[in-house]
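# Structural features, examined
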Amino acid sequence: MSWGTELWDQFDNLEKHTQWGIDILEKYIKFVKERTEIELSYAKQLRNLSKKYQPKKNSKEEEEYRYTACKAFLSTLNEMNDYAGQHEVVSENLTSQIIAGLARYVQEVKQERKSHFHDGRKAQQHIETCWKQLESSKRRFERDCKEADRAQQYFEKMDADINVTKADVEKARQQAQVRHQMAEDSKADYSSNLQKFNLEQREYYHTHIPNIFKKIQEMEERRIVRLGESMKTYAEVDRQVIPIIGKCLDGIVKAAESIDQNTDSQLVIEAYKSGFEPPGDIEFEDYTQPMKRTVSENSLSNSREGKAEPKFGGKSKGKLWPFIKKNKLMSLLTSPHQPPPPPPASASPSAVPNGPQSPKQQKEPLSHRFNEFMTSKPKIHCFRSLKRGGAAPEDFSNLPPEQRRKKLQQKVDELNKEIQKEMDQREAITKMKDVYLKNPQMGDPASLDHKLTEVSQNIEKLRLEAQKFEAWLAEVEGRLPARSEQARRQSGLYDAQTAPTVNNCAQARESPDGSYTEEQSQESEVKVLATDFDDEFDDEEPLPAIGTCKALYTFDGQNEGTISVVEGETLYVIEEDKGDGWTRIRRNEDEEGYVPTSYVEVYLDKNAKDS
C-alpha cells in the first residue's frame, strides 16, 4: 500500500489532505491550550474558595476551630488547596509535554511538506517541459511532411507538363528533395524527443512521484502517530495526578472520620460552663395569712427568727437580693421575676408565662416578702464585677467561676511562655558575653550588660504578673482559704438575727447577654427597721422621671408588675434596666410598671438621673 502507486494522479488531493492534517494538529494544540486555561482558572477558583473560608487570624472565628468538626473543615480547605495545586500541575505538564512539542513539530511538518511538494512540482514542470518539446517536434515533423508532400506533387505536376522548361522541372525536383530531407530530419528529431519523453515520463510516474508521495505518506503517518502519542500523553498527565488527588480526597475522608461529637460536646462544656450550681426549689408563699400593716421591730425580729429555720435551714440556692435603698428595694420586690421576652420579628409578643408579681400589691404581701428577705441568707457567691459598659477587670471577676478559671489559666500559660522566652534570651546573651570575655576582639562584654539587665527586669515583671494571676487562679480553684473564710464570715453575719447592719455586698444579677454584673450598695451599712419601712412605704412619693422612652414594639402587659405599651408610644422612664432585662416606666401618675428593655428605646436625662 503506497501512495506513489495508488495515488499517482492525486497530487492536488494529497496536497489538500496534508494541509488538512496540519490543521488538525493546530486544532488539537488549540484544544489543549484551552484546557490548560480552564485548569488554571479552576485551580485559582479553588484556591480563592479555600482562602475565603479560612479562619481569620486573631478573631473569634479562629477560636471556634478547636472543635473537631471545624478542624475537619479546616483540613478539607487545606486538602482543597492541594487539590487545586494538582490542577496547576496538569496545566503545566500539558503545556510542557504537549503544546510546546506539538507546536515545534507542526513547524517541522510544514517545512517538510513544503519541500516534498516543491520537489513534486519541479518534477511536474520537468515532465511538462519534455511534453512540450515532444509536441513541438511532432508538429514540426508533421509540417515538414506536409511540405515535402506538396513539393513532390508540384514536382510531378511540373514534370508532366510539356510546356514547362527543363530548368523549372529541375528546380521543382530539387525543392522536393529539400523538403523530403527536412521531413526526414523532423522525423528523426521527433523520434528522439519521443524516446526522451517516454523515458522521462517513465521516471516521473514510476520513480520520482512514488518517491515523493512515499515521503509525503511517511510524513503524514508520523503526524498521525504524533497526534496519537499526544492524546496518550494528555491522558497520562491526568493519570499522574490521580494518586495525589486520591490522597487529598483520602485526607478529607480522614478529617471527616476524625470528627468526634463527644469531644465537641466536652469543648462546649468547657467553653460555657459557669461553675454555678442550679437554683433550688422556689418555696410556696402563702398570701392567705393576714399581715399587719405596721410591724414592730420585735415582731419583725420574731418573724425573722420564726422563718429562718424552716425555709433556709440548708444552703439557699435561690437568687437572693442584698439590702439596698428603699426605692431599689421596692423595684426589686415588685419587678417581674421571669426573663423578658425577646423582641418580635413583626407581630406583637405574647405575654410572659407565669406572670410576674404586680408592683401594686397590697401592703401585707410586701411586708411578708420583706420579712422573708430579712430572714434569708445571702448567696455565698457575691461577685465583683464592673458597671455595665465598662472595660473587663484584670482578674476576670466579671465571669462565672469556671470561665474565670479558664481565662486565668490561659493567662498564666501565656505569661509562663513569655518568661521562658525571656529566659532563653538571657541565656543567649550570657553565652555571648562569655564568648566576648574569652575573645575580646569579637566584641565588648560591657555592651551586653544593659541588655542583660533589661531582660532580667522583664523576667521579674513577668514573674510578678504570673504570681498575681496564679493567686487569683488558686483562689478560684479553692486552693486558698481566703474566699471560703470570707464567705463563712458573711454567712455568720447574716445568721446573727440581732445584727441590724449588713456589710456592703455586690448584688449578683444576670444581664440579658448572659454575663454577670453587680451593683454596689450606695451605703456601707443600711439599717432597716420594719416600722420605718412601713411608715415610709405609706407616705412614699412617686419616683421622679429620669428620661423618656419610645416603644419599638407593642407589648401586652397581661402579668402583674408589667404595663401594656403600643408601638410608637412615648412614656416616662422612672427606673432604668438593672441588668434583669426590664425597664420601669410610667404613663401617668396612676399607670406605671415594667416593660422589656428590648421593646423600648430609652432616652435618659443625665441631669435628672444624677439628681
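Summarised in this report is the structure supplied together with it.

Rules used throughout
- Residues numbered from 1 in each chain as written.
- Predicted model: local features only at pLDDT ≥ 70, side-chain atom pairs only at ≥ 80, totals over all residues.
- Heavy atoms only, no water.
- Phe/Tyr/Trp six-rings, centres within 6.5 Å; stacked < 30°, edge-to-face > 60°.
- Helix = DSSP H or I, 4+ residues; strand = E, 2+ residues; numbered from the N terminus.
- Buried < 20%, exposed > 50% of the residue type's maximum accessible area, 1.4 Å probe, protein only.
- Lys NZ or Arg CZ within 6 Å of the ring centre and 35° of its normal.
- Pairing = 2+ DSSP bridges.
- Axes fitted to C-alpha atoms, helices over the stretch in contact; angles between N-to-C directions.
- Parallel < 35°, antiparallel > 145°, perpendicular 65-115°, else oblique.
- Nonpolar A, V, L, I, M, F, W, Y, C, P; charged D, E, K, R; others polar.
- Core = buried A, V, L, I, M, F, W, Y, C linked by side-chain atoms within 4.5 Å.
- Contact = heavy atoms within 4.5 Å.
- Left-handed = near helix turned anticlockwise from the far one by under 90°.

## Comments concerning the packing of aromatic side chains
Across all of its chains, the model carries 13 aromatic pairs by this definition. For the pair W131 and F197, a centre-to-centre distance of 5.1 Å together with 50 degrees between the ring planes defines the contact as tilted. Highlighted residues: W131 in helix α4 (residues 68-160) and F197 in helix α5 (residues 166-257), separated in sequence by 66 residues. Given the relative accessible area of 6%, F197 is considered buried. Taken together, a centroid distance of 4.7 Å and an interplanar angle of 85 degrees make the contact between Y204 and Y205 edge-to-face. On the basis of relative accessibility, which here comes to 30%, the residue Y205 falls in the partly exposed class. Members of the aromatic cluster, connected to one another through ring pairs, are Y553, F555, W582 and Y599. The aromatic ring of Y105 is capped on one face by R226, whose charged end is 4.9 Å from the ring centroid.

## A closer look at the pairing of strand β3 (residues 547-551)
Where burial is concerned, the two faces of β3 differ: the one with G547, C549 and A551 is buried and the one with T548 and K550 is not. Summarising the sheet, β3 and strand β4 (residues 570-575) pair through four bridges and their orientation is antiparallel. Residue pairing across strands places C549 opposite L571, the latter belonging to β4. Sheet topology note: the β3/strand β7 (residues 600-604) ladder contains five bridges and is antiparallel. If you follow K550 over to β7, its bridge partner there is E601.

## Brief notes about the packing of α4 against α5
For the pair α4 and α5, the least separation of the axes is 6 Å and the interaxial angle reads 175 degrees. It follows that α4 is roughly antiparallel to α5 by the angle criterion. Its residues assigned to classes, the contact of α4 with α5 shows 44 nonpolar, 23 polar and 23 charged.

## Some remarks on the nonpolar core
The nonpolar side chains of a soluble globular protein tend to be buried with one another. Ranked by size, the top nonpolar core spans 39 residues in total, and within it Y28, V32, L94, I98, F213 and I216 carry the most contacts. Put simply, the parts of the chain that give this core at least two residues each are α2 (11-52), α4 and α5. In terms of residue count, the dominant contributor to this core is α4 (16 residues). Non-local contacts of V32, meaning those with residues more than four positions away in its chain, are made with L94, I98, I99 and Y234. Listed in part, the 16 residues of the second largest apolar core include V412, I429, V455 and L473.

## A few points about the packing of α2 against α5
Between α2 and α5, the shortest axis-to-axis distance is 11 Å and the interhelical angle comes to 15 degrees. Here α2 lies roughly parallel to α5, going by the angle between them. Where α2 crosses over α5, the two elements pack in a sense that is left-handed.

As far as function goes, none of this settles anything; it's purely spatial.
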